[in-house]
Amino acid sequence: MQPLAESTPVHSRRTAARNGPSVKWFLLFWIVMIGVGAYAVYSYTNHLKQQVLTELGNQSRQQLTVLQNDYEARIAVLSEEVKELQSTVQTFNELLTFTKDNASNKTDNSNKLYTQLSEVKQQLDALKKEMDLLK
């Protein structure tokens, strides 16, 4: 029985020696796989972040374009209203000048025209303020 007892410790040493490198390779394989997985996750999150930033940039540009177009349309409308009011004020000024020239001491139509002119000037000032706010 001694020969059997001697072969067992040698056999166990051989299996331990065989298992040692295979365990090392197994652990190395899993460490490499974990590293590759971590790198893949990091790369994918960076890709998603870049994609989201690009989409947000595109949406921002589109919204700014819409706002700019709306702003320009409002400015155009207000400019037209200001031009109309200026022509009305000019017409009232001419009428007022004509009325002053032709007015006698008995009638006082100039006060009515001054009142109308004042109202038109107030509207013109209000529109100018709105236009300045939009600018």
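From a predicted model like this one, the values you see are computed outputs, not experimental measurements.

Participant: Could you give an account of the overall build of the protein, with specific residues and numbers?
Facilitator: When you go through the protein residue by residue, the secondary structure sums to two helices and zero strands. Split into buried and exposed, the 135 residues of the protein put 12% on the buried side. The long-range share in the protein, meaning contacts at least 24 apart out of those at least 6 apart in sequence, stands at 76%. As presented, the protein carries roughly 11500 Å² of accessible surface, and 61% of it is formed by carbon and sulfur atoms.

Participant: Explain the nonpolar core residue by residue, including any values.
Facilitator: If you look at the biggest cluster of nonpolar residues, it comprises 13 residues, and the most contacted ones within it are V82, L85, L117, V120, L127 and M131. Contributions of two or more residues to this core are made by α1 (2-102) and α2 (109-134). Per-element tally for this core: the top contributor is α1, with seven residues. Not counting the four nearest positions on each side in its chain, L127 is found in contact with L78, E81, V82 and L85.

Participant: Could you give an account of the environment of S87, with specific residues and numbers?
Facilitator: Structurally, S87 is set in helix α1. Residue classification places S87 among the partly exposed residues on the basis of a relative accessible area of 41%. At a separation of 2.7 Å, a polar atom in the side chain of S87 contacts the main-chain carbonyl oxygen of E84.

Participant: Describe in detail the packing of aromatic side chains, supporting the description with residues and values.
Facilitator: For the structure on display, the rule yields two aromatic pairs. Ring geometry for F26 versus W30: centroids 6.2 Å apart, planes at 70 degrees, classification edge-to-face. One end of the pair, F26, and the other, W30, are both in helix α1, four residues apart, so they sit about a helical turn from each other. With centroids separated by 5.7 Å and ring planes inclined at 75 degrees, the aromatic side chains of F29 and W30 adopt a geometry described as edge-to-face.

Participant: Let's hear about a negative patch on the surface: which residues, and what values?
Facilitator: Negative charge collects at one region of the surface, where E80, E81, E84 and E130 lie side by side. Among the elements that take part in the negative patch, α1 stands out by supplying three residues, more than any other. Its place among the elements puts E80 in helix α1.

Participant: Report on a nonpolar patch on the surface, specifying residues and quantitative values.
Facilitator: Among the surface-exposed residues, V23, F26, L27, F29, W30, I31 and M33 lie close enough to one another that they form a single nonpolar patch of about 740 Å² accessible area. Position of F29 relative to the elements: it lies in helix α1.

Criteria and thresholds
- Residues numbered from 1 in each chain as written.
- Predicted model: local features only at pLDDT ≥ 70, side-chain atom pairs only at ≥ 80, totals over all residues.
- Heavy atoms only, no water.
- Helix = DSSP H or I, 4+ residues; strand = E, 2+ residues; numbered from the N terminus.
- Buried < 20%, exposed > 50% of the residue type's maximum accessible area, 1.4 Å probe, protein only.
- Contact = heavy atoms within 4.5 Å.
- Areas by Shrake-Rupley, 256 points an atom, 1.4 Å probe, with all protein chains shown as cover.
- Core = buried A, V, L, I, M, F, W, Y, C linked by side-chain atoms within 4.5 Å.
- Polar contact = N/O pair within 3.5 Å; in protein donor to acceptor, adjacent residues only side chain to side chain.
- Phe/Tyr/Trp six-rings, centres within 6.5 Å; stacked < 30°, edge-to-face > 60°.
- Patch = residues over 30% accessible without salt bridge, like charges linked within 9 Å, V, L, I, M, F, W, Y side chains within 5 Å.
- Salt bridge = Lys/Arg side-chain N within 4 Å of Asp/Glu carboxyl O.
- Lys, Arg positive; Asp, Glu negative; His and termini not counted.
- Charge placed at Lys NZ, Arg CZ, Asp CG, Glu CD.

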